[in-house]
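In case you want the letters, here they are:
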Amino acid sequence: MTAARTQSQFDVVIVGAGAVGTAFACALRNSGLRIALLDAREPSLFSAAAEVDLRVFAISPASQRILDALGAWPTIQAERVAAYTEMHVWDATGSGRIHFDCAEVGEPALGYIVENRLIQHALWIQLQTADNITAFYPVTPEAVVIDAEQVTLMLQDGRCLHTRLLVAADGAESATRKLVGIETRTASYGQKAIVAHVATQKPHRHTAWQRFLPSGPIALLPLPDGRSSVVWSLDNTCAEEVQQMDDMGFCAAVTAATAAILGQVTSTTPRAAFPLQRMHVREYVRPRFALIGDAAHTLHPLAGQGVNLGFMDMAALSNIILDAQLRHRDLGDLGVLRRYQRARKGDNMAMITALDGFKRLFSNDIAPLTWMRNTGLWSVDRFTPLKSAFMRHAMGLTANFTASMR
Ligand SMILES: Cc1cc2nc3c(=O)[nH]c(=O)nc-3n(C[C@H](O)[C@H](O)[C@H](O)COP(=O)(O)OP(=O)(O)OC[C@H]3O[C@@H](n4cnc5c(N)ncnc54)[C@H](O)[C@@H]3O)c2cc1C
């Protein structure tokens, strides 16, 4: 990878070096295409001596395979990662519960809990040996002009980049998306997710635990050091109260909200809160422009799918670009880019809608709905073919994106 110098002509410019944008650059690193990767911040450094990043993701086996194909997984494994082999989901109102075990689908794990910072670090290492990738940071785009032949990207520091294809991976508030004028369908959940890492009396047993309360779901995700990561979604006013609690009060509240499934919560890190919204762009592509990851969609974290969908976006787009390059087609051609939109928009929409329905179904204690969800959980838990199909889909095992990445 080269640091930004005078080069200004590229084949692909990626705005946003989060997990998804960096993975996308990695997927194109052996293509010979001239790539620029931009971010508003310096790359985040991982240190094994530092406290575990508060932003941890449950990544699916499909995402693990993508990271492996990109060469990043061995670094992640050598640092710290927790596989979870089981998952228990249960309803606070009633007796509905469902249990998933990786053995039911013949996989070594249902998923892996990995720090965002570590994913980026491991991908960044892979980019170090690529001589076709130029990194620009800290920079932000100020203006975008798309014409028939190329895209011109003006940066706030006065520099100007030209590219055949511009890809926005700059997160939910994507400035690039706004500069290009892509509209979104957005709705706030009126909730915040409070996250913290906690120590508990009982071991987590490499299991992800999730309890649905009328005020929102709370999850305990296993960390490699024996603690658990709490992700607690709450309506804004309740979230405010929980944020104001002292550490002892917070530990007691988490113990109560999880029905002491891991015994008492004995200590906590400082907390962070993330406002939750559902967002989906109306168009994934325009001539010479594409959106991937949170720049294209955000969803409720209750099923931990955001970055998993982002990895599938970037894998689909990189496959299509590599294929276009092989066929000597223009990478920015709308016909080429529409293949990406067709591959991802429907799947992402289905996941956003399903999680929305889930969130609504579980966020109340109205008797008929309580009955419906308890019966639903109970039935799926016992109907093995349906449960396996559901698991395989959630684990991303029904699609294969890794073939062309190796
Ligand atoms: C509480 C919570 C828990 C979650 N848990 C999970 C989970 O368990 N599993 C899962 O799959 N997903 C989870 N998600 C979703 C996940 O966080 C996102 O889907 C993921 O971070 C998206 O990655 P990204 O690279 O697309 O965007 P981001 O992580 O937002 O990265 C965007 C990058 O763009 C840069 N940038 C922003 N603006 C500009 C600009 N103007 N110019 C240049 N650069 C810019 C930023 O600095 C950043 O590096 C969770 C989300 C929340 C809120």
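Residues numbered from 1 in each chain as written. Predicted model: local features only at pLDDT ≥ 70, side-chain atom pairs only at ≥ 80, totals over all residues. Heavy atoms only, no water.

Novice: Quick one: what's the story with the environment of T22, residue by residue and with numbers?
Specialist: Along the chain, T22 falls in helix α1 (residues 19–27). In sequence terms T22 and C251 are 229 residues apart; their C-alpha atoms lie 36 Å from each other. Looking at T22, its side chain comes within polar contact range of the main-chain oxygen of A17, at 3.0 Å. (Helix = DSSP H or I, 4+ residues; strand = E, 2+ residues; numbered from the N terminus. Polar contact = N/O pair within 3.5 Å; in protein donor to acceptor, adjacent residues only side chain to side chain.)

Novice: Break down the sheet that holds strand β4 (residues 56–59) for me, with residues and values.
Specialist: Spatial ordering of the open sheet is given by β4-β8-β5, a layout of three strands whose pairing is antiparallel. This sheet does not close on itself; its edge strands, each paired only once, are β4 and β5 (82–84). Across the sheet, the axes of successive neighbouring strands diverge by a mean angle of 25 degrees, strand direction being ignored. In the sheet, β5 pairs with strand β8 (residues 111–115) via three bridges, with the strands oriented antiparallel. Within β8, the position partnered with Y84 by the bridge is G111. (Pairing = 2+ DSSP bridges. Axes fitted to C-alpha atoms, helices over the stretch in contact; angles between N-to-C directions.)

Novice: Give a detailed account of the packing of aromatic side chains, specifying residues and quantitative values.
Specialist: Per the counting criterion, the structure on display carries four aromatic pairs. Residues W73 and Y112 carry aromatic rings whose centres are separated by 5.2 Å and whose planes lie at 70 degrees to one another, so their mutual orientation is edge-to-face. Of this pair, W73 sits in helix α3 (residues 73–79) while Y112 sits in strand β8, placing them 39 residues apart in sequence. A relative accessible area of 12% places Y112 in the buried class. (Phe/Tyr/Trp six-rings, centres within 6.5 Å; stacked < 30°, edge-to-face > 60°. Buried < 20%, exposed > 50% of the residue type's maximum accessible area, 1.4 Å probe, protein only.)

Novice: Quick rundown of the nonpolar core? Include the residues and the values.
Specialist: Ranked by size, the top nonpolar core spans 78 residues in total, and within it V12, F24, L38, I119 and M314 carry the most contacts. Looking at which element gives the most residues to this core, the answer is helix α8 (residues 306–326), with 10 residues. Judged by nonpolar contacts, the second largest core, of 32 residues, contains I113, M312, M351 and L397. (Core = buried A, V, L, I, M, F, W, Y, C linked by side-chain atoms within 4.5 Å.)

Novice: Give a detailed account of the pairing of strand β12 (residues 160–168), specifying residues and quantitative values.
Specialist: Here β12 lies mainly inside the structure; seven of its nine residues are buried. Across six bridges, the pairing between strand β2 (residues 9–15) and β12 is parallel. Within β12, the residue paired with V12 across the bridge is L165. Adjacent in sequence and paired antiparallel, strand β11 (residues 151–155) and β12 are bridged by four residues, among which G158 carries a positive phi angle near 95 degrees. In this structure, β12 lies alongside strand β20 (residues 289–291), joined through three bridges in parallel fashion. Bridge assignment links A168 to a residue of β20, and that residue is L291.

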